[in-house]
Amino acid sequence: TIEKFLVSRRLMYWQVYHHKTVLAAEKMLVKIIERAKELIANGVDLRSCSLTLDFYLRNNISKKPAGEHLDKFCNLDDYDVLATIKNWMLHGDKVLSTLCRCLVERRLLKVKLQAEPFDEAWVEELRNTICRKLSVDKKDCHYFVFTGEAINTTYDPSDERINILFKDGSVRDISQVDNALIHQTISRPLKKYYICYLNTDQWS
């Protein structure tokens, strides 16, 4: 039963949590926030629809104690973010407005997954082509073309422990159970490389 649960969880991650559509939307949201923080750091007067979101955009929270701003974090929700993104569709910064418009209009970045890293020369050529079509600076191309890794580990003994109690009273970690599927594959991480890029054929 436990083995079936772990295998189902592994399949669920690739079919749902690491699905290409989910991956594209998540990364676009991350890039939007990154661009907003970059503009603010460069002195651009960029406002959100929420004082709470403004606080997080203007402060480096990672350097603060974990529970210091818990109340603010609890007040932040998707309404704050989505309303802000809709407003930023009309912002003067082309990178920010393009990302926001694509996300709101569901014109998500295209995603490709493969077992091996993508050829750097091909990625650079794709980046130059897309940024030339959008007429954006080369230093901002990473917002529209970027690569990364998606990793899924079914069971990591160093992070989570599932102990099996046998009829003889002994207790063993599930990765040590004498079962071919569990013993050989359950704790081995599965990695896929992805590239996200803007489909300029859909952009006008």
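Everything that follows concerns the structure shown earlier in this document.
Note that the structure is a prediction, hence the values are computed from the model and not measured.

The next point concerns the state of the cysteines. Applying the stated rule across the entire model yields one disulfide. What pairs with C131 in a disulfide is C141, and their sulfur atoms sit 2.1 Å apart. Pair noted here: C131 is in helix 7 (residues 120–134) and C141 is in the loop between helix 7 and strand 2 (145–152), with a separation of 10 residues, a long-range link. The burial state of C131 is the same as that of C141; both residues are buried. No disulfide involves C102; its sulfur sits 9.5 Å from the nearest other cysteine sulfur, which is in C100. According to the relative accessible area criterion, C102 is buried, its value standing at 2%.

Another point: the packing of helix 2 (residues 20–41) against helix 3 (residues 51–58). Where helix 2 meets helix 3, the axes come as close as 9 Å, and the angle between the chain directions of the two elements is 70°. Considered as vectors, helix 2 and helix 3 are oriented roughly perpendicular to each other. Facing I33, A36, K37 and I40 of helix 2, the residues of helix 3 in contact are Y56, L57 and R58. In the contact of helix 2 with helix 3, the residues fall into five nonpolar, no polar and two charged.

The subject of this paragraph is the pattern of salt bridges. One pass over the full model with this rule turns up 12 salt bridges. Note that E38 is salt-bridged to R35, the shortest N-O span being 3.4 Å. Residue E38 and its partner R35 are located together in helix 2, separated by three residues, close to a single helical turn. In this structure R35 comes out as buried when scored by relative accessible area, which is 5%. Note that R35 is salt-bridged to D93, the shortest N-O span being 2.8 Å. Of the two residues, R35 sits in helix 2 while D93 sits in the loop between helix 5 (78–88) and helix 6 (94–104), which places them 58 residues apart along the sequence. Bridged by salt links that share partners, the residues R35, E38, D93, K139 and D140 form one connected network.

The next point concerns the sheet that holds strand 2. On the basis of which strands lie adjacent, the open sheet formed by three strands has the order 1-5-2 and antiparallel pairing. Of all strands in the sheet, those bounded by a partner on one side alone are strand 1 (110–114) and strand 2. On average, adjacent strands in this sheet sit at an angle of 25° to one another, irrespective of strand direction. With five bridges joining them, strand 1 and strand 5 (residues 190–197) adopt antiparallel strand pairing. By the bridge assignment, L113 is partnered in strand 5 with Y194. Relative to strand 2, helix 1 (residues 2–17) is tilted by about 165°, and along the sheet it contacts strand 2 and strand 5. The strands that helix 2 touches are strand 1, strand 2 and strand 5; relative to strand 1, the one it contacts most, it runs at about 120°.

Backbone geometry places R106, a non-glycine residue, at a positive phi of 60°. Structurally, R106 can be placed in the loop between helix 6 and strand 1. Its identity as a non-glycine residue notwithstanding, S135 has a phi of 60°, on the positive side. Take S135: it is sitting in the loop between helix 7 and strand 2.

Definitions and limits used
- Residues numbered from 1 in each chain as written.
- Predicted model: local features only at pLDDT ≥ 70, side-chain atom pairs only at ≥ 80, totals over all residues.
- Heavy atoms only, no water.
- Disulfide = S-S within 2.5 Å.
- Helix = DSSP H or I, 4+ residues; strand = E, 2+ residues; numbered from the N terminus.
- Buried < 20%, exposed > 50% of the residue type's maximum accessible area, 1.4 Å probe, protein only.
- Axes fitted to C-alpha atoms, helices over the stretch in contact; angles between N-to-C directions.
- Parallel < 35°, antiparallel > 145°, perpendicular 65-115°, else oblique.
- Contact = heavy atoms within 4.5 Å.
- Nonpolar A, V, L, I, M, F, W, Y, C, P; charged D, E, K, R; others polar.
- Salt bridge = Lys/Arg side-chain N within 4 Å of Asp/Glu carboxyl O.
- Pairing = 2+ DSSP bridges.

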